[in-house]
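Chain and residue survey
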Amino acid sequence: MDSLNKLIDYGNRTLEVGSYRDYCPNGLQIAGRDDIQTLVTGVTASARFLDAAIEAGADAVLVHHGYFWKGESSAIVGMKYQRIRRLIQNNIGLLAYHLPLDCHPEFGNNAQLAKRFGLNVIAQHSAGEVDGLLWEGELPDSESGAQFIARISGALDRKCLVVGHQEREIKRVAWCSGGGQRFLNNAVALGVDAYISGEISEQTTHEAQEQGVLYIAAGHHASERYGVQAFGAHLASRFDINHKHIDIDNPA
Ligand SMILES: [Zn+2]
C-alpha cells in the first residue's frame, strides 16, 4: 500500500505542474482514501469511466480530462454533482493532469504519439502560449500521403478524417494531441508536410488546402489515450501498486 499524498507529490514534481498556466487545476482535484493499491487511469472522468473504475476496485483515478474548467460554472450541480458524488461516496481520489500530460517529453500524449507513429522528434515548440505543446518530427524515410494516412490510422486503430493535400510526399510533420487544430498555421510556419491533431474545425479544411499541407484529424480521445496510460504504468512500477487503464471509446 502507498499513500495518495506520495503519488500526488511525485506526480506534480515529475510533470512540473507549477510551470503551466492551465485551464483547470492539475494534481489532486477530489480527495479520497489515502491508501492506494489500485490506480485506474482513463482519458476523461466521465460517469461511465467512474462506474468502470469503481467496478475495477480503484482506490484513486488518474485522468487527462478532470473537472473545474476555466469559464464553466463553479456550482456542483447536475452532471458534475453526479460524477463527484460517485467519487466521494466511494472515497476515491481524482488526480487530473491536463497540459502537463500533453507536453511531458517522456510520458506526455505527444511523446507517446511520436513512438506510436514511428516519428523521430526534432523539437517541441510553444503554441497558444504553452511551451512545448506543438511537436515537430520526421519519418526515417519519406512516404506517400496515402502511406502516411494508413500509418496514423493503423497506429490509433481508427479511421481518421483527412483534408488538404493528400498526394503530398511526407517526411517532416508536426502534431498536437486533442483539440489542436487551431495550431495548423503554426505547423505551416514550420514548413512541415503534414499536421496531425485530434479534432477539426470548418476552417481547418481551407487552411490545409490553401497552404498545401496534409491535415489528419485523428480523434481527440484517440490522440490522448496514451499519455495517461504511460504515466499510470510509470507510477505503478515506481510505487509498486496495481495499474489498470480503462478506455471508454469516444468517436470524437
Ligand atoms: Zn484533451
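Presented here is an overview of the structure given in this document. As the structure is a computational prediction, the values presented were derived from the model and not from experiment.

**Focus: the overall build of the chain**
- Helix and strand counts for the chain come out as ten helices and 13 strands.
- Over its C-alpha atoms the chain spans a radius of gyration of 19 Å, differing by no more than 12% from the 18 Å that the globule rule assigns to 252 residues.
- The dimensions of the chain, computed from C-alpha atoms along their principal axes, are 55 × 35 × 30 Å.
- Considering only residue pairs separated by 6 or more positions, the chain has 66% of its internal contacts joining residues 24 or more positions apart.

**Observations concerning unusual backbone geometry**
- Phi at E129 takes a positive value of approximately 65°, unusual for a residue other than glycine.
- As for its placement among the helices and strands, E129 is situated in the loop between β7 (120-127) and β8 (130-143).
- On the basis of relative accessibility, which here comes to 74%, the residue E129 falls in the exposed class.
- Although it is not a glycine, D157 adopts a positive phi angle of roughly 55°.

**Points about the coordination of the zinc ion**
- For the zinc ion, the full set of protein donor atoms is H65 (NE2), H220 (NE2) and E224 (OE), and the range of their distances to it is 2.1 Å.
- Counting the intervening residues between successive donors of the zinc ion yields the motif H-x154-H-x3-E. Of this pair, H65 sits in strand β5 (residues 60-65) while H220 sits in helix α9 (residues 220-223), and the two are 155 residues apart along the sequence.
- The class of H65 is buried, set by a relative accessible area of 13%.

**Here we look at helix α5 (residues 109-117)**
- The buried count for α5 comes to seven of nine residues, which makes it a mostly enclosed element.
- Among the residues of α5, those classed as buried are N109, N110, A111, Q112, L113, A114 and F117.
- Once α5 finishes, G118 follows within two positions and takes phi at roughly 75°, a positive value.

**Digging into the pairing of β8**
- Relative to β8, β7 runs antiparallel, the two sharing six bridges. Among the inter-strand pairings, A123 is bridged to a residue of β8, identified as E136.
- Examined bridge by bridge, β8 and strand β10 (residues 170-176) share five bridges and lie antiparallel to one another. Bridge pairing in β10 places W135 opposite W175.

**Details of the environment of F49**
- Secondary-structure assignment places F49 in helix α2 (residues 47-55).
- With sequence-adjacent residues up to four places away left out, F49 is seen in contact with V40, T41, G42, T44, V61, V63, I246 and I248.

**A few points about the packing of aromatic side chains**
- Under the definition given, this model contains six aromatic pairs.
- Aromatic pair Y97 and F231: ring centres 6.1 Å apart, planes at 90°, arrangement edge-to-face. In this pair, Y97 sits in the loop between β6 (93-96) and α4 (100-103) while F231 sits in helix α10 (residues 226-239), placing the two residues 134 residues apart along the sequence.
- Given a relative accessible area of 0%, F231 falls into the buried group.
- For the ring pair Y195 and Y215, a centre distance of 5.7 Å and an interplane angle of 35° mean the geometry is tilted.

About the cut-offs
- Residues numbered from 1 in each chain as written.
- Predicted model: local features only at pLDDT ≥ 70, side-chain atom pairs only at ≥ 80, totals over all residues.
- Heavy atoms only, no water.
- Helix = DSSP H or I, 4+ residues; strand = E, 2+ residues; numbered from the N terminus.
- Rg over C-alpha atoms; globule rule 2.2 N^0.38 Å.
- Contact = heavy atoms within 4.5 Å.
- Buried < 20%, exposed > 50% of the residue type's maximum accessible area, 1.4 Å probe, protein only.
- Donors = N, O, S within 2.8 Å, 3.2 Å for Na, K, Ca; no water.
- Pairing = 2+ DSSP bridges.
- Phe/Tyr/Trp six-rings, centres within 6.5 Å; stacked < 30°, edge-to-face > 60°.

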